[in-house]
Amino acid sequence: MAIGYPNFVTLACRNVDRMARFLLALGWVEAPGSEDVHRVFQGTNGVVVALYAASNYEPHFGALSAGFRGFTLGVNLAGAEDVDAAYRLLQQIDDVELLEEPFDSPHGFRGFSFLDPEGNVWDVAWKRGSTVSAEGDLSWG
């Protein structure tokens, strides 16, 4: 038996409400079963992103660290123009720190990175040769 691919990501948050406001500002839809203590956002591509207080994890795993946490959250889009539109949207959202302007890499990407209100690093990109369905499913080219 294989374990499968990630389809549920929980972000440990110092301030769950502030992070939920950020995801709502991105246009994400909160799932009907979401609760104040465990906010859940159901993606159209089947991936669920949940927000849960860091204080629930800290007794077992230690304090949430500041700075780069060893991973990025990636959003791959359907085209280069979508990357630029996402950048413009993020410029309008409080508590977002844009780390760079959109750029074209020599590896066939157009993208940029930003920090969310909790300090998580996100990459927004389009990869030449990849496709993204209307539901958000990514096929790597």
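For clarity, every value in this text was computed on a predicted model and none was experimentally measured.

**Examining the overall build of the chain**
Logical step 1: Helix and strand counts for the chain stand at three helices and 10 strands.
Logical step 2: When the helices and strands of the chain are listed from N to C terminus, the series reads β-α-β-β-α-β-α-β-β-β-β-β-β.
Logical step 3: Radius of gyration (C-alpha) of the chain: 16 Å, near the 14 Å computed for a compact globule of 141 residues.
Logical step 4: Counting only C-alpha atoms, the chain reaches 45 × 40 × 30 Å along its principal axes.
Logical step 5: Every one of the 141 residues in the chain was classed for burial, and the buried ones make up 33%.
Logical step 6: Sequence separation of at least 24 residues holds for 50% of the intrachain contacts in the chain that already meet a minimum separation of 6.
Logical step 7: Of the roughly 8600 Å² of accessible surface on the chain, 54% is carried by carbon and sulfur atoms.

**What to know about the sheet that holds strand 3 (residues 48–53)**
Logical step 1: Across the sheet, which stays open at both edges, the three strands sit in the order 1-3-2 with mixed pairing between neighbours. Strand pairing shows two members of the sheet lacking a second neighbour, strand 1 (8–13) and strand 2 (38–42), which therefore form its edges. Each strand of the sheet is rotated relative to its neighbour by a mean of 20°, with strand direction disregarded.
Logical step 2: Note that strand 1 and strand 3 share six bridges and pair parallel. Looking across to strand 3, one finds that F8 is bridged to V48.

**Examining the pairing of strand 2**
Logical step 1: In this structure, strand 2 lies alongside strand 3, joined through five bridges in antiparallel fashion. Along strand 3, the bridge assignment pairs V40 with A50.

**Digging into the pattern of salt bridges**
Logical step 1: Summed over the entire model, instances satisfying the criterion amount to six salt bridges.
Logical step 2: The shortest N-O distance in the salt bridge between E30 and R39 comes to 2.5 Å.
Logical step 3: For E30, a relative accessible area of 24% gives the class partly exposed.
Logical step 4: In this structure, R110 engages D84 in a salt bridge whose closest nitrogen and oxygen atoms are separated by 2.9 Å.

Conventions adopted
Numbering of residues starts from 1 in every chain and runs along the sequence as written. Local features in this predicted model are restricted to residues whose pLDDT is 70 or higher, and side-chain atom pairs enter the listing and the counts only when it is 80 or higher, whereas totals over whole chains, interfaces and linings include all residues. The side-chain figures draw on all heavy atoms in the structure; neither hydrogens nor water molecules are used. Numbering of helices and strands runs from the N terminus, with a helix taken as a DSSP run of H or I at least four residues long and a strand as a DSSP run of E at least two residues long. When we talk radius of gyration, it's over C-alpha atoms, and the globule rule is simply 2.2 Å times the number of residues to the 0.38. Between buried and exposed lies partly exposed: a residue is buried under 20% and exposed over 50% of the maximum accessible area for its type, with that area taken using a 1.4 Å probe on protein chains only. Any two residues whose heavy atoms approach within 4.5 Å at even a single point are treated as in contact. Note on areas: Shrake-Rupley with a 1.4 Å probe; residue coverage comes only from the protein chains shown. For two strands to count as paired, DSSP must find a minimum of two bridges between them. Orientation is described by axes fitted as lines to C-alpha atoms, over the contacting stretch for helices, and by angles from 0 to 180 degrees between their N-to-C directions. Basic side-chain nitrogens of Lys or Arg form a salt bridge, by our definition, when they fall within 4 Å of a carboxyl oxygen of Asp or Glu.

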